[in-house]
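For reference, the chains in residue letters:
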Amino acid sequence: MNIIIIGNAISLAGAVLMVAVGFLKTRRSILLTQCTMFGLMGVANIILGGLTGAVSSLVSIIRNLFCLKGPLSVPVKLLVIGMQILLSVKVNTLGWIGWLPVISACFYTWMIDVRDETTLKTVLIIAQSMWFIYDLTIRNYVAFTFDVLTILSNLYGIISLKSQQKVRHNAA
């Protein structure tokens, strides 16, 4: 079977879990389901030659396990970011493209505790935009499609939030 098909099939399983996370109610179940999703996405990245993407997935699992204990402190964020960078330096074979998942994961890790919904959605759009380019480069077409859908859904969410704020402001 073609390696691109196998990688994309595994990526589809991870993408289904990514969507399923939206239906989960508890922080614990969300974080643990994301760990499984990151595991599948990491395997898909390895198959498709995206080693820094696989590292990003591995480090995201570690980050989520820390998150199970509560909000991330600055030292823990720096530890996770340091692991991300050090491991990626060792495996990057894609030049600047290989750094996109690293930058995305580091940025998201640093901003993970943001409380404002619009800011969080903006962080997600920026982070996913880097994956958008990376996934297309390694021919992870399933992940690329879900990247686009994630970006569009968060843009819609920002527009909806702004619209609600405008209505509340005008009503006041």
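Before going into details, it helps to say that this report is about the structure given with it.

The rules behind each value
Residues numbered from 1 in each chain as written. Predicted model: local features only at pLDDT ≥ 70, side-chain atom pairs only at ≥ 80, totals over all residues. Heavy atoms only, no water. Helix = DSSP H or I, 4+ residues; strand = E, 2+ residues; numbered from the N terminus. Rg over C-alpha atoms; globule rule 2.2 N^0.38 Å. Buried < 20%, exposed > 50% of the residue type's maximum accessible area, 1.4 Å probe, protein only. Contact = heavy atoms within 4.5 Å. Areas by Shrake-Rupley, 256 points an atom, 1.4 Å probe, with all protein chains shown as cover. Phe/Tyr/Trp six-rings, centres within 6.5 Å; stacked < 30°, edge-to-face > 60°.

Section: the overall build of the protein
Next, step 1: The helix and strand tally for the protein stands at 7 helices and 0 strands.
Next, step 2: Starting at the N terminus and walking to the C terminus, you meet the elements of the protein as α-α-α-α-α-α-α.
Next, step 3: Expected size for 172 residues packed as a compact globule is a radius of gyration near 16 Å; at 17 Å, the protein falls within 12% of this value.
Next, step 4: Dimensions along the principal axes, computed over C-alpha positions, put the protein at roughly 60 × 35 × 30 Å.
Next, step 5: The buried share of the protein, taken over its 172 residues, is 41%.
Next, step 6: Across the protein, contacts joining residues at least 24 apart in sequence account for 67% of those joining residues at least 6 apart.
Next, step 7: Total accessible area on the protein is roughly 9400 Å²; 72% of this is exposed by carbon and sulfur atoms.

Some words on the environment of leucine 87
Next, step 1: One can find leucine 87 in helix H4 (residues 74–91).
Next, step 2: Take leucine 87: its relative accessible area is 37%, and that puts it in the partly exposed class.
Next, step 3: Along the primary structure leucine 87 and valine 102 are separated by 15 residues, whereas in three dimensions their C-alpha atoms are 9.7 Å apart.
Next, step 4: Residues within four places of leucine 87 in sequence aside, it is in contact with Val55 and Val59.

So, the packing of aromatic side chains
Next, step 1: Considering all chains together, one arrives at 2 aromatic pairs under this definition.
Next, step 2: Ring plane angle 90° and centroid distance 5.5 Å describe the contact between tryptophan 131 and tyrosine 134, whose orientation is recorded as edge-to-face. Here tryptophan 131 and its partner tyrosine 134 are both found in helix H6 (residues 117–137), 3 residues apart, which amounts to about one turn of the helix. Here tryptophan 131 and tyrosine 134 have matching classes, each one buried.
Next, step 3: Seen from their ring centres, phenylalanine 132 and phenylalanine 144 are 4.8 Å apart, and the 35° between their planes marks the pair as tilted. With phenylalanine 132 in helix H6 and phenylalanine 144 in helix H7 (residues 141–171), this residue pair connects regions lying 12 residues apart in the sequence.

Function cannot be inferred from these measures alone, as they are strictly geometric.
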